[in-house]
Structures are given as C-alpha cells and as structure tokens.
Amino acid sequence: MRTPLIAANWKMNKTTEETRDFIIQFSPMVKDINNVEILIAPPFTSLAVAAKYLKGTGIKLGAQNVFYERSGAYTGEISPSMLKDCGCDYVIVGHSERRQYFHETDAIINKKLSAAQEVGLSVILCVGESLEQREEGKTFDVLKTQVSRGIEGAQPAMLVIAYEPVWAIGTGRTATPEQIQEAHGFIRNMLRETFKERADEIRILYGGSVNAENAHTILNIEDVDGALVGGASLKPDSFIKIIKAKGAMK
Ligand code: 13P
C-alpha cells in the first residue's frame, strides 16, 4: 500500500515571514491527520525558516528545483547537498514552468534527478503534455518520452511522478477523471516495465488546478496516489481541505 502524498508547490510566492505565519497556522490543523504524507515546497529563500518551524510536525520539506553539480562556479545555483543541509527531504524536478521558461530538457532533468537521489533526496518528477500536444493526439508520446528519459538510472524508492497536464496548471481547468486515470495507468505501466515489482512503491500524483472542491473526486481515482497543488496550497484553509479529502483522521 502506498501512502498518499499531498504536496504544496508554492512556486515564487511567500516571504520568510509569510512562510512562518503559514506554518504556525497550518501545522496544528494536521496533527490528527493519519495515513497521508504532507509536503511543503517553498521558494529557496524560505527553506531554512520552514525547516525551523516544521520541526516536530511530521510535515516534510521540499525544494522546487536543484542544480546537478556538487559545488563550484555556477553562479545562482543550489546543489543537492545544500538542500539536504537546509532540511529538505524532497525536491521537485522537471516542472513544466521550468521546461517552458528555463528551457530544461529531459537530459538536464534526468541529471538533476540522479544528483538529488545521490544525496538521499526523494525526487518528484513532473511530466505532462501541453494543450497543443493533447489536441494533436500526442499525449502518450509526450508522457513516454518525458518519463523514460526522466527516470533513467533512478532509484524507485526515492521517486515520485507528478502528472501535470500543462493546460490544467493555474487555469482552473482540471483534466477529467477519465483523462487522469488513462494517463496515470499509462505511467504506472511504464514504471512496471522499468522497475518490475518495485514500481509499486512509486506514487503518481496529479497536479493542475486541484482545489478544495474537486480534491475528493480526483484523489479517489484508482491510480492517483496524491496531488501536487499550486494555488490552492497557499492558504492553510484550502490546503487542509485537500488533505482531508484523502486523509483518515486518527
Ligand atoms: P495549480 O494548482 O495552481 O494549477 O498549479 C499546479 C502545479 O503546477 C503544481 O506543481
């Protein structure tokens, strides 16, 4: 049985003070939540303060990006061991915003994944098709390429996949349960081909306009093991509702 994972991707939002205030308000809300792993991925500048206030809450900490080199002359970059040092358990790689705005390729994303797992960080690998690709009937080709190239050499015990159709991110438009199940089932089969029975350890999250209203439907789809939440994770009140849509109470 896979433990569901509900992850907050705050993207480029929240100062250190706002991060602290969120955690102080949010952490008591989850103290009775059972059987769900909760993760917050704030911007780099908030990692240290988040680590301090998350201590003892059971809530995991993640980063939204990482560089693949260990150290050296890479102005502006952050290494996997720096994230470990800040208290991170997870890192998100290959988010569509990074593919789109920062021209990250599957090869770069795979290097980031390997470097992160090497220091013991679990990796959430994001994949998903654009609207144009879906309309051209290329969804499964895109998923096949992004997943197969992304997971090359990966360790399944430290791997999570997030299916985020680009057209559903920040648009208020979610994929239908049929579209989600179809994509997740496809990814699950690919993982089985690569990792055999160890594929069953890997969680596949859905992301793209998940909110308090649609969480129950989405999180109860057969092959959905949790959610990667953007906008609706920025407020404790809406994020907790998504978690409660999945989590059993103690
Ligand atoms: P939204 O939930 O704001 O659509 O963002 C989804 C996402 O990109 C999470 O990584």
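Structure report, in brief. (Residues numbered from 1 in each chain as written. Predicted model: local features only at pLDDT ≥ 70, side-chain atom pairs only at ≥ 80, totals over all residues. Heavy atoms only, no water.)

## Focus: the site of the ligand
Then, number 1: Every residue close to the ligand is listed here: Asn-9, Lys-11, His-95, Glu-164, Ala-168, Ile-169, Gly-170, Gly-208, Ser-209, Leu-228, Gly-230 and Gly-231.
Then, number 2: A distance of 2.8 Å separates an oxygen atom of the ligand from a polar atom in the side chain of His-95.
Then, number 3: Between an oxygen atom of the ligand and a main-chain N or O atom of Gly-170, the distance comes to 2.6 Å.
Then, number 4: Calculation on the ligand without its partners gives an accessible area of 310 Å², and the protein chains cover 94% of this total.
Then, number 5: When the residues that make up the shell around the ligand are grouped by side-chain class, the tally is three nonpolar, seven polar and two charged. (Near = heavy atom within 4 Å. Polar contact = N/O pair within 3.5 Å; in protein donor to acceptor, adjacent residues only side chain to side chain. Areas by Shrake-Rupley, 256 points an atom, 1.4 Å probe, with all protein chains shown as cover. Nonpolar A, V, L, I, M, F, W, Y, C, P; charged D, E, K, R; others polar.)

## Observations regarding the sheet that holds strand β9 (residues 226-229)
Then, number 1: Around the barrel, eight strands lie side by side as β1-β3-β4-β5-β6-β7-β8-β9; this closed barrel has parallel pairing. Across the sheet, the axes of successive neighbouring strands diverge by a mean angle of 25°, strand direction being ignored.
Then, number 2: As defined by bridge partners, strand β4 (residues 60-63) adjoins strand β5 (residues 90-93) across two bridges and the pair is classed as parallel. Of the residues in β5, the one forming a bridge with Ala-63 is Val-91.
Then, number 3: Together, β6 (122-127) and β7 (159-163) form the strand contacts of helix α7 (residues 139-150), whose direction differs from that of β6 by roughly 155°. (Pairing = 2+ DSSP bridges. Helix = DSSP H or I, 4+ residues; strand = E, 2+ residues; numbered from the N terminus. Axes fitted to C-alpha atoms, helices over the stretch in contact; angles between N-to-C directions. Contact = heavy atoms within 4.5 Å.)

## Remarks on the packing of helix α1 (residues 16-26) against helix α2 (residues 47-54)
The angle between the axes and the distance between the axes are what describe a pair of packed helices.
Then, number 1: Between α1 and α2, the least distance of the axes is 9 Å, while the angle of their chain directions is 20°. As summarised for this structure, α1 and α2 are arranged roughly parallel, according to the angle between their axes. For the pair α1 and α2, the sense of crossing is right-handed. Note on element contacts: α2 touches α1 through Val-49, Ala-50, Tyr-53 and Leu-54, opposite Thr-16, Thr-19, Arg-20, Ile-23 and Ile-24. (Parallel < 35°, antiparallel > 145°, perpendicular 65-115°, else oblique. Left-handed = near helix turned anticlockwise from the far one by under 90°.)

## A short note on the environment of His-103
Then, number 1: Looking at the secondary structure, you find His-103 in the loop between α4 (96-101) and α5 (106-118).
Then, number 2: Ignoring any residue separated from it by four or fewer positions in sequence, one finds His-103 in contact with Arg-98 and Ile-108.

## So, helix α8 (residues 177-195)
Then, number 1: In this model, α8 (19 residues) spans 26 Å end to end at C-alpha, consistent with the 27 Å of a helix rising 1.5 Å per residue.
Then, number 2: Listed as buried for α8 are Ile-180, Ala-183, His-184, Gly-185, Ile-187, Arg-188, Met-190, Leu-191 and Phe-195.
Then, number 3: Tucked inside the fold, the buried residues of α8 contact β6, α7, β7, β8 (203-207) and α9 (215-219).
Then, number 4: Following α8 by one or two positions, Lys-196 has its phi on the positive side, about 55°. (Expected span 1.5 Å × (residues − 1). Buried < 20%, exposed > 50% of the residue type's maximum accessible area, 1.4 Å probe, protein only.)

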